[in-house]
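Understanding the architecture of this molecule
This is what each chain is made of:
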Amino acid sequence: MRIDETLLNEAKAYAARNGRSLTSVMEDALRQLLNRSTEAGQRPRVELPTYGDPADRGKVDLSPERIAELLLEDDLEYVRRFCSEDA
């Protein structure tokens with residue numbers, strides 16, 4: 001097995017700081033990695049709430065240009081309200 005030297009040095013330092021052997025640190029890291037991938041496959045599917053007509057889904061323009069326009073409109077509306085309150 002070949003391990004990047006920098007990564008190996010970090011693992012050795014971690015083991016030393018925590019009073020553990022390098023082997024136990026590597027075993028724990030490998031266990032966590034394997035458990036994480038197993039747990040991800042076992043998670044139940046989650047249905048997220050949506051609004052509007054399902055036939056219209058995917059028809060909303062969320063391009064960067066459109067988002068910039070919406071943010072600008074929101075900023076302008078805020079300024080209009082702010083300025084009208086001061087008058």
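Above this text sits the structure in question.
The present account deals with the structure reproduced in this document. (Residues numbered from 1 in each chain as written. Predicted model: local features only at pLDDT ≥ 70, side-chain atom pairs only at ≥ 80, totals over all residues. Heavy atoms only, no water.)

Counted according to the given criterion, the structure contains one aromatic pair. Plain terms: the ring middles of Tyr78 and Phe82 are 6.3 Å apart, the flat faces sit at 10° to each other, and that makes the pair stacked. Here Tyr78 pairs with Phe82, and both are found in helix α3 (residues 64-86), just four residues apart, close to one helical turn. (Phe/Tyr/Trp six-rings, centres within 6.5 Å; stacked < 30°, edge-to-face > 60°. Helix = DSSP H or I, 4+ residues; strand = E, 2+ residues; numbered from the N terminus.)

Now for the pattern of salt bridges. Following the criterion strictly, the structure yields six salt bridges and no others. For Arg66, the salt bridge is made with Glu69, and the minimal N-O distance between the two is 3.0 Å. Of the two residues, Arg66 and Glu69 are both situated in helix α3; the distance of three residues between them amounts to about one turn of the helix. When its relative accessible area of 42% is taken as the criterion, Glu69 is described as partly exposed. A salt bridge links Arg81 to Glu77, with the shortest nitrogen-to-oxygen separation between them at 3.4 Å. Of the two residues, Arg81 and Glu77 both sit in helix α3, four residues apart, roughly one turn of that helix. Judged by its relative accessible area of 32%, Glu77 is partly exposed. Counted as one network, the salt bridges with shared partners bring together Arg20, Asp28 and Arg31. (Salt bridge = Lys/Arg side-chain N within 4 Å of Asp/Glu carboxyl O. Buried < 20%, exposed > 50% of the residue type's maximum accessible area, 1.4 Å probe, protein only.)

The next point concerns helix α1 (residues 5-17). Across its 13 residues, α1 extends 18 Å between first and last C-alpha, which sits within 8% of the 18 Å expected from 1.5 Å per residue. Capping of α1 at its N-terminal end is provided by Asp4; its side-chain oxygen lies 3.2 Å from the backbone amide nitrogen of Thr6. A positive backbone phi angle near 60° is found at Gly19, which sits one or two residues after α1. (Expected span 1.5 Å × (residues − 1). Polar contact = N/O pair within 3.5 Å; in protein donor to acceptor, adjacent residues only side chain to side chain.)

Considering only enclosed or pocket space, the largest pocket measures out at about 250 Å³ in volume. Lining the largest pocket, in full, are Met1, Ile3, Leu7, Glu10, Ala11, Tyr14, Val25, Met26, Ala29, Leu30 and Leu33. Secondary-structure elements contributing two or more residues to the lining of the largest pocket are α1 and α2 (22-42). Taken together, the residues of the lining of the largest pocket break down into 10 nonpolar, no polar and one charged. (1 Å grid on protein atoms, 1.4 Å probe; cavity = no way out; pocket = protein on both sides within 12 Å on 5 of 7 lines; lining within 4 Å. Points joined across faces, edges and corners; volume = space filled by probe spheres on them. Nonpolar A, V, L, I, M, F, W, Y, C, P; charged D, E, K, R; others polar.)

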